[in-house]
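Residues per chain, in single letters:
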Amino acid sequence: MHPRPSPIAASLYTLRDMNADVIILHGPHGCCFRTGRLLENDGVRVVTTAMSENDFVFGAADKLEETIRKVEEMFSPKLVGVVGTCASMIIGEDLKEAVKNADIDATVIPVESHGGFGEGDNTEGAIMVLDAAAKAGVIPEEERERQTRMLKLATQTEKTRGMAQGGYIKPSYGDNKVQVARVLLESFERGDQIAMVLNAKKETSYLFSDLLKVPFGEVYPDNKPLIIANLDEKVGLSRIRQHAVNIRRELSDEGVTIDEISGGLDEYPVTGEEAARIIKEGSFDMVVVAGVPHALPVEEIEAETIAVTDGPRLVEPLKKLGYTYVVTELDAHSKTLGTDHIVPSDFGEILMGLMDF
């Protein structure tokens, strides 16, 4: 009942992850405007055909063809995405035909998405891009199959453990960050066994990995936490792999050692289960999970737990799953778009302040 990301936005982000140079939204100029503007910070040019009421009646194929040609003239792109919207798909615009007629030199991926595609899950839009990209030879078939499986698992996780469970979820900003930070530091002081888990999604990992930079080892040299992270550099699209490379390099430069790699940044639906398996093999008093904490089966963990999430509507579900404490990091997407290095998190800065760093 509450607003959720749409298939259109997911199509845009997935094309970005394929390093598309330009994305054309075939619809009104206001459709998905915030996502489009944010993606400009990631180096993607996002334009629109600016459909109007007259186009809803008579069609706008000519506008789309003109925009495609204009994009080639302005940007000389190698890879272009053309993404449908509710307006263009309801009136039956043929994106493929317009792409064929425009006949530009770039590879063009037409994505006939709209806001209610399938069951309206955002992952439906991402899967449409994967299918079109594989057909165009942009990604291999095995990568399409792997990512499609991950996206379907992500949808299942959201519908059973996250904010897509059906009913209205009131936004919440979680527990007091200062109080939770003190709980964590007291756990270090007692000599408790502590595990830090990064189970993050794509570029938001630049924010959530900030917790791994907190110098616990300098303040508590005899109580090093176990660090588990889904930072496999060999999994995913090139942009996603590069995120993992950047973060691991920066952590290494800071003297941070990752003890266990649970998988890649686009494998967060299953890397939470792998992290839980590693944790259950040991004995821990405190477990901190940052990124997509609801993908980790916390109900199987016998310890105090802290979830660090970017979703105010995830606080209630995370508490119901069994997390002892939940803190929120707002605007993780907008803070991490366009960056190639770890950015400060609110919780990390509070911890640093309490530790006098």
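See the structure shown above.
Residues numbered from 1 in each chain as written. Predicted model: local features only at pLDDT ≥ 70, side-chain atom pairs only at ≥ 80, totals over all residues. Heavy atoms only, no water.

Chemist: Could you give an account of the overall build of the protein chain, naming the residues involved and the relevant values?
Modeler: Along the backbone of the protein chain there are 17 helices and ten strands. Here the C-alpha radius of gyration of the protein chain, 22 Å, is about what a compact globule of 357 residues would show, namely 21 Å. C-alpha extents for the protein chain along the principal axes are approximately 70 × 40 × 35 Å. Burial analysis of the protein chain (357 residues in total) assigns 55% to the buried set. Contacts in the protein chain between residues at least 24 apart in sequence constitute 70% of all its contacts with a sequence separation of at least 6. Roughly 15,800 Å² of accessible area belongs to the protein chain as shown, and the carbon and sulfur atoms make up 47% of that amount. Here the protein chain contributes 37 positive and 59 negative side-chain charges, whose respective centroids are spaced 2 Å apart. (Helix = DSSP H or I, 4+ residues; strand = E, 2+ residues; numbered from the N terminus. Rg over C-alpha atoms; globule rule 2.2 N^0.38 Å. Buried < 20%, exposed > 50% of the residue type's maximum accessible area, 1.4 Å probe, protein only. Contact = heavy atoms within 4.5 Å. Areas by Shrake-Rupley, 256 points an atom, 1.4 Å probe, with all protein chains shown as cover. Lys, Arg positive; Asp, Glu negative; His and termini not counted. Charge placed at Lys NZ, Arg CZ, Asp CG, Glu CD.)

Chemist: Account for the environment of Glu-73, with residues named and values stated.
Modeler: Within the secondary structure layout, Glu-73 lies in helix H4 (residues 61–75). Considering only alpha carbons, one finds Glu-73 and Ile-104, 31 residues apart in sequence, at a separation of 9.6 Å.

Chemist: Pulling in residues and values, what's your account of the packing of aromatic side chains?
Modeler: Per the stated rule, a full pass over the model turns up two aromatic pairs. Centroid distance Phe-188 to Phe-216: 4.4 Å. Interplanar angle 10°. Geometry classified as stacked. Of this pair, Phe-188 sits in helix H9 (residues 177–189) while Phe-216 sits in helix H12 (residues 216–219); the two residues are 28 residues apart in sequence, bridging distant segments of the chain. Note on accessibility: Phe-188 and Phe-216 belong to one class, buried. Note on Phe-188 and Tyr-220: the rings are 5.2 Å apart at their centroids and 15° apart in plane angle, and the pair reads as stacked. In this pair, Phe-188 is assigned in helix H9 and Tyr-220 in the loop between H12 and strand S6 (226–229), connecting sequence segments 32 residues apart. The same class applies to Phe-188 and to Tyr-220, which are both buried. Three or more aromatic residues joined by ring pairs form one cluster here, namely Phe-188, Phe-216 and Tyr-220. (Phe/Tyr/Trp six-rings, centres within 6.5 Å; stacked < 30°, edge-to-face > 60°.)

Chemist: Give a description of the nonpolar core that names residues and reports values.
Modeler: Counting 71 residues, the largest nonpolar core has Leu-184, Phe-216, Leu-231, Val-308 and Leu-351 as the members making the most contacts within it. Ignoring anything within four residues of it in the chain, the contact list for Leu-184 reads Ile-194, Phe-216, Met-286, Val-288, Ile-306 and Leu-351. Of all hydrophobic cores here, the second largest spans 20 residues; its members include Ala-195, Ile-301, Leu-321 and Val-326. (Core = buried A, V, L, I, M, F, W, Y, C linked by side-chain atoms within 4.5 Å.)

Chemist: Kindly report on unusual backbone geometry, identifying the contributing residues and their values.
Modeler: At Ser-76, a residue that is not glycine, the phi angle is positive and equals roughly 45°. Inspection of the secondary structure assignment puts Ser-76 in the loop between H4 and strand S3 (79–84). Since its relative accessible area comes to 58%, Ser-76 is described here as exposed.

Chemist: Provide a residue-level description of the layout of surface pockets, including the pertinent values.
Modeler: Quantified by volume, the second largest pocket comes out at close to 450 Å³. When contributions to the lining of the second largest pocket are tallied by element, the ones reaching two or more residues are helix H11 (210–213), H12 and helix H17 (346–354). Counting residues per element, the lining of the second largest pocket draws most heavily on H11, at four residues. Split into classes, the residues belonging to the lining of the second largest pocket amount to 13 nonpolar, four polar and six charged. (1 Å grid on protein atoms, 1.4 Å probe; cavity = no way out; pocket = protein on both sides within 12 Å on 5 of 7 lines; lining within 4 Å. Points joined across faces, edges and corners; volume = space filled by probe spheres on them. Nonpolar A, V, L, I, M, F, W, Y, C, P; charged D, E, K, R; others polar.)

Chemist: Can you explain the sheet that holds strand S8 (residues 286–291)? Please cite residues and give values.
Modeler: Spatial strand order, S7-S6-S5-S8-S9-S10: six strands in an open sheet with parallel pairing. The outermost strands of the open sheet, each flanked by one partner alone, are strand S7 (260–261) and strand S10 (325–328). Against the sheet, H9 contacts strand S5 (194–199), S8, strand S9 (304–309) and S10, and its axis sits at roughly 125° relative to S10. (Pairing = 2+ DSSP bridges. Axes fitted to C-alpha atoms, helices over the stretch in contact; angles between N-to-C directions.)

Chemist: Tell me about the packing of helix H7 (residues 122–135) against helix H8 (residues 141–161), residues and numbers included.
Modeler: One way to put it is that H7 packs onto H8 with a least axis distance of 10 Å and a crossing angle of 175°. On the basis of the axis angle, H7 is roughly antiparallel to H8. Residues Thr-123, Ala-126, Ile-127, Leu-130, Asp-131 and Ala-134 of H7 form the contact with H8, whose participating residues are Glu-141, Arg-144, Gln-147, Thr-148, Leu-151, Lys-152 and Thr-155. Per-class residue counts for the contact of H7 with H8 are five nonpolar, four polar and four charged. (Parallel < 35°, antiparallel > 145°, perpendicular 65-115°, else oblique.)

Chemist: Any chance you could break down the pattern of salt bridges for me, citing the residues and the numbers?
Modeler: This structure, assessed with the given rule, holds 26 salt bridges. Linking Arg-69 and Glu-65 is a salt bridge whose minimum nitrogen-to-oxygen distance equals 3.8 Å. Placement of both Arg-69 and Glu-65 in helix H4 is noted, with a separation of four residues, approximately one turn of the helix. A relative accessible area of 39% means that Arg-69 is categorised as partly exposed. Among the ionic pairs, Lys-213 bridges to Glu-250, the shortest N-O distance being 3.1 Å. Of this pair, Lys-213 sits in helix H11 while Glu-250 sits in helix H13 (residues 238–253), and the two are 37 residues apart along the sequence. Residues participating in the shared-partner salt-bridge network are Arg-16, Asp-17, Asp-42, Lys-202, Glu-203 and Arg-239. (Salt bridge = Lys/Arg side-chain N within 4 Å of Asp/Glu carboxyl O.)

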